[in-house]
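# Observations on chain architecture
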Amino acid sequence: MTGPLLKVENLRIALQGDGVTFNAVENVSFEIGRGEAFGLVGESGCGKSITALSVMGLLRRPLSLGGGRIVLDGEEIQNASAAEMRRLRGKRVAMIFQEPMTALNPLSPVGRQIAEMFVLHQGANWRDAMDRAEEALRQVRVPSPERRIRDYPHQLSGGMRQRVMIAIALACGPDLLIADEPTTALDVTVQAEIIDLMAELCAAKGTAILMISHDLGLVANMCRRVAVMYAGRIIESQVADAIFAAPSHPYTRGLIDSLPRLGERAKRGRQRLTEISGVVPSIQAYPAGCRFNPRCHAVTEICRTTAPEATSLPADGVVRCHHHG
Amino acid sequence: MAEALLSLDDLAVQFKVGSMLAGGIKTLKAVDGVTLDVKPGECLGLVGESGCGKSTLALAIMGLVLPTRGRIHVGGQQISGDKPPDRMAMARTVQMVFQDPYASLNPRQTVRRTLADPLHLHGVGDKAEVEARVIDMMAKVGLRPEHADRYPHEFSGGQRQRIGIARALILKPKLVICDEPVSALDVSIRAQIINLLLELKDEMGLAYIMISHDLGVVEHVSDRVAVMYLGRIVEQGGWQEIFENPRHPYTRALIAAIPDPFHRAAATVAGAKAKGEIASALNPPPGCHFNPRCPMKADLCTVETPLLEAVSPGHLAACHFRDRVI
Amino acid sequence: MRLGANTWIGGGLFAVALAVAVTAPWIALTDPVMDANLLNAELPPSREFPFGTDAQGRDIYSRVVYGAQISLTVGVVSQIANSIIGVTLGLTAGYWGGWWDDFVNGLTNVMLAIPSLIFALAIMAILGPGLVSLLIALGLTNWSYSCRIARAQALSLKSQGYVQAARILGYGPFRIMFTQLLPNMLGPIIVIATLGMGGTILAEAALSFLGLGIRPPFPSWGSMLSDARETIAVAPWVSIFPGLAIFLTVLGLNLLGDGLRDIFDPQATTRRA
């Protein structure tokens with residue numbers, strides 16, 4: 001089959017307030033190819049998580065899908081019924097979250113939670129499913145899987161729980177794995193292992209990844225292409241290497257410049273970090289025109305009145321800025 | 001050589017956990033023999049992951065938890081297991097900036113009250129002086145006078161952190177422990193707070209202990225760095241030495257774990273990633289605590305605990321293979 | 001701040017009861033104790049006697065109105081005493097822990113195991129009937145819920161950053177408990193106090209009904225119900241109106257308490273900025 005695995009076009013997510021509707025996310029478009037690792041980066045409140053939830057059909061009031069198309073493998077799913085979405089989830093699209101302790105059932109042994117996937121989606125019987133669950137734990141490199149299948153979530157460390165989440169998510173070989181800040185709550189050394197594990201497993205199974213994070217470095221390292229979101233819009237999207245080497249949008253550039261990186265001080269001495277002034281706007285108070293304008297050092301009049309259109313960049317890149325480059 | 005502001009001498013802090021009925025009483029060695037100095041005006045970066053004991057260490061330095069063994073000398077005060085510190089004098093010497101700006105301010109107190117109360121408590125009676133110091137401190141952290149009568153929920157996370165910093169500095173301490181001061185903040189405003197902390201350090205002649213898991217931040221702000229693992233210091237030295245020539249496999253693993261889009265550290269830490277999970281502090285591995293995860297593990301490591309010894313002047317590492325050229 | 005229907009209705013009912021109690025001397029029609037004329041005994045409601053008369057010929061309306069004074073005084077004052085005792089014990093137990101916590105917990109468990117009414121009865125038996133004894137008995141026996149809530153709040157709040165910051169700034173334990181913890185637990189405490197007031201009013205009614213609270217001829221809703229026991233078949237209005245008064249007041253307090261609980265429920269706004 002040709003064409004991208006997932007195509008999101010002009011996605012708009014509405015937030016119902018007291019009699020007023022806000023657009024939490026608008027004009028979001030991106031594509032993920034089969035087996036490709038794609039990163040969605042942004043700060044808290046930028047809309048990256050709810051974009052992922054909308055792909056899974058998991059938006060709940062006061063959020064709702066306000067417009068746009070979501071096309072999975074050639075099939076439009078934005079208007080799919082609840083039953084249709086249930087059939088897709090776990091089987092075609094899976095998701096893992098930041099806090100595995102709340103995503104796992106505390107009263108059920110982890111082996112059983114993995115086995116459930118086989119029973120529900122593939123009609124396996126419980127015996128076979130438990131065997132396959134043990135194999136799944138081995139694949140995510142949990143030591144002594146034959147003993148671990150009987151453990152409860154609280155008996156495992158954070159890193160182990162996240163591995164269990166990955167095992168559950170990949171159990172039925174979905175086409176797309178959505179990972180929403182999967183390592184943010186983990187220690188640094190464990191983080192690195194989990195990311196490597198995810199990349200390896202997905203590469204082996206041909207599963208595409210939609211990686212969501214606030215850490216541009218992590219995403220750029222793992223993904224082939226990266227999109228940066230700010231205040232509900234994608235403001236830049238490029239191949240990972242390019243986004244670090246040649247960021248086009250002032251926000252992306254500001255993010256990269258503002259964070260101290262290893263090796264900088266040895267080379268140039270301690271420089272004052274370049275600050276981005278101001279704060280991230282709340283959904284109810286998005287600025288008019290380009291939403292980054294109150295904080296942008298290159299702002300001009302047009303930025304305050306007109307939202308910038310998407311401009312093409314080399315290698316399928318896109319940027320939304322009146323003064324990009 | 002300037003006299004040390006803070007001096008830890010074989011500090012150990014242990015807790016008893018569990019009960020007779022449920023699996024027996026175990027000893028948690030949260031801090032297991034730490035010897036460390038901080039000079040006035042110096043910034044010590046303290047690096048470590050869960051269970052390394054950095055939080056307990058911070059509490060002990062502030063006199064909130066008594067040592068099981070060893071001594072703490074801080075700004076003329078001495079703390080040991082049988083000698084609790086003078087609470088008020090400690091308050092004027094060591095203060096703390098917290099990680100979570102949303103939980104570290106009393107929601108029912110205005111900024112003015114949060115800053116003025118400690119002054120009243122410590123004997124500053126003159127109303128005009130209190131007011132002046134409050135407004136002055138607010139200005140130093142980038143807040144305007146009209147913010148004084150507002151409540152925490154009216155501020156953004158970054159501003160709340162500024163209030164927290166102002167509160168820590170209002171009594172003019174000599175040492176400030178910054179516990180992950182920017183991890184809970186949005187990425188785009190972290191630079192503001194880091195710059196602020198560095199400016200205030202220079203302006204007020206403060207010493208910092210900067211606790212952070214973000215090695216980029218640690219490298220940027222620290223003069224010296226100490227790396228902790230399961231209650232022990234495994235490596236310490238000047239910032240440049242530690243980051244350019246890490247001699248302990250755990251330090252190398254930490255550096256290797258940082259996503260590296262610019263492919264900078266690749267050469268020094270190739271193949272250095274740690275395996276597996278951090279062990280429980282209740283039941284640490286015998287010998288060198290890091291041995292189960294260490295890419296360089298040898299039989300010696302499970303038997304003999306390596307001591308913190310010099311690799312070069314001022315640079316210490318606790319590894320049997322500290323001198324091995326990688 | 002949007003107040004739900006509960007708060008308005010409950011608050012309204014309670015406000016009416018309070019207003020009645022305060023303005024009793026002006027809105028009553030007769031003296032509730034002295035104006036007794038046996039010729040008027042057990043008359044049904046009429047223009048002269050809006051709620052009818054009781055077996056002694058006293059105007060029930062005036063007695064209900066004056067009864068509000070007694071019932072509400074007992075309700076409010078006892079509950080305040082209960083809250084002060086409970087919060088002090090619970091707050092200190094939660095904050096300090098250790099043997100004091102164990103002691104308070106033990107005491108609370110004992111209090112909760114003894115039916116509070118029986119306990120109050122016992123105290124009344126020792127002190128003898130009357131308003132003051134009633135206040136003492138009810139004030140000393142219903143503090144357990146306040147204590148539990150205060151302790152739970154203290155336990156959860158004491159690990160908040162600002163409490164630790166206060167310790168580091170040199171605040172002593174009492175200063176911390178009363179300036180840092182207490183203001184942040186007022187919400188649940190007020191809810192418990194409001195709901196508790198309904199309980200103490202009912203307790204007073206029960207005790208007076210049993211003859212151990214306010215003795216006749218003084219009007220208390222409970223003792224009025226007690227007096228009306230014999231005549232309930234022939235003159236139902238003698239019990240209906242005091243009963244309705246108790247019902248509406250306690251209902252009002254319960255609704256108000258529920259409404260307040262909705263307001264004080266912490267709304268998680270963990271936005272980062």
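Just above, that's the structure.
This one's a predicted model, so the numbers in the text were calculated from it and none came from an experiment.

We now examine the overall build of chain B. Looking only at helices and strands, chain B has eleven helices and twelve strands in total. A compact globule built from 326 residues would reach a C-alpha radius of gyration of about 20 Å, and chain B, at 21 Å, matches this within 12%. Taking the principal axes of its C-alpha atoms as reference, chain B extends roughly 65 × 50 × 45 Å. Scored against the burial criterion, the 326 residues of chain B give a buried share of 52%.

Check the secondary structure of chain C and you find eleven helices and zero strands. Walking chain C from its N terminus toward its C terminus, one meets helices and strands in the order α-α-α-α-α-α-α-α-α-α-α. The principal-axis extents of the C-alpha atoms in chain C amount to approximately 75 × 45 × 30 Å. The 273 residues of chain C split such that 46% are buried. Expressed as a percentage of contacts within chain C between residues at least 6 apart in sequence, the contacts between residues at least 24 apart total 71%.

This part is about the interface of chain B and chain A. Counting residues at the interface gives 36 residues for chain B, matched by 35 residues for chain A. Those elements giving two or more residues to the side of chain B that touches chain A turn out to be helix H6 (187-204), helix H7 (215-221), helix H8 (239-244) and helix H9 (249-257) of chain B. The biggest single contributor to the side of chain B that touches chain A is H6(B), with eight residues. Tallied by class, the residues present in the side of chain B that touches chain A amount to 17 nonpolar, ten polar and nine charged.

Spanning 37 residues, helix H9 (residues 173-209) of chain C covers only 45 Å between terminal C-alpha atoms, well under the ideal 54 Å at 1.5 Å per step. Positive backbone phi, at 90°, marks C:Gly211, one or two positions downstream of H9(C).

Residues and elements named next belong to chain B. Taken in spatial order, the eight strands make up an open sheet running S6-S7-S8-S3-S9-S10-S12-S11, and their pairing is mixed. Where the open sheet ends on each side, the last strands, each with one partner, are strand S6 (94-97) and strand S11 (309-312). Put simply, the sheet's adjacent strands are angled 25° from each other on average, direction ignored. Judged from the four bridges that link them, S6 and strand S7 (residues 175-179) form a sheet pairing that is parallel. Looking at the pairing, Val 97 lines up with Cys 178 of S7. Helix-sheet contacts for helix H1 (residues 54-61) involve strand S3 (43-47), S6, S7, strand S8 (207-211) and strand S9 (224-229), and the interaxial angle to S7 is about 155°. With respect to the sheet, H9 is in contact with S3, S9 and strand S10 (232-238), its orientation differing from that of S9 by roughly 100°.

Attention shifts here to the nonpolar core. Burial of nonpolar side chains together is a common tendency in soluble globular proteins. Residues A:Ile114, A:Ala167, A:Ile209, A:Leu210, A:Met211, B:Ile61 and B:Ile177 are the most contacted members of the largest nonpolar core, which totals 271 residues. What B:Ile61 contacts, discounting residues up to four positions off in sequence, is B:Leu6, B:Ile72, B:Val74, B:Val94 and B:Ile177.

Moving on, we get to helix H7 (residues 144-157) of chain C. Residues and elements named next belong to chain C. Taking 1.5 Å of rise per residue, 14 residues should cover 20 Å, and H7 covers 20 Å from first to last C-alpha, within 8% of that figure. Of all 14 residues in H7, eleven are buried, a share of seventy percent or more. The inward-facing, buried residues of H7 contact helix H3 (60-96), helix H4 (98-113), helix H8 (161-168) and H9.

So, how was this worked out
- Residues numbered from 1 in each chain as written.
- Chains lettered and ligands numbered in written order.
- Predicted model: local features only at pLDDT ≥ 70, side-chain atom pairs only at ≥ 80, totals over all residues.
- Helix = DSSP H or I, 4+ residues; strand = E, 2+ residues; numbered from the N terminus.
- Rg over C-alpha atoms; globule rule 2.2 N^0.38 Å.
- Buried ≥ 20, exposed ≤ 12 C-beta atoms within 10 Å, placed from the backbone.
- Contact = placed C-beta atoms within 7 Å.
- Nonpolar A, V, L, I, M, F, W, Y, C, P; charged D, E, K, R; others polar.
- Expected span 1.5 Å × (residues − 1).
- Pairing = 2+ DSSP bridges.
- Axes fitted to C-alpha atoms, helices over the stretch in contact; angles between N-to-C directions.
- Core = buried A, V, L, I, M, F, W, Y, C linked by C-beta atoms within 7 Å.

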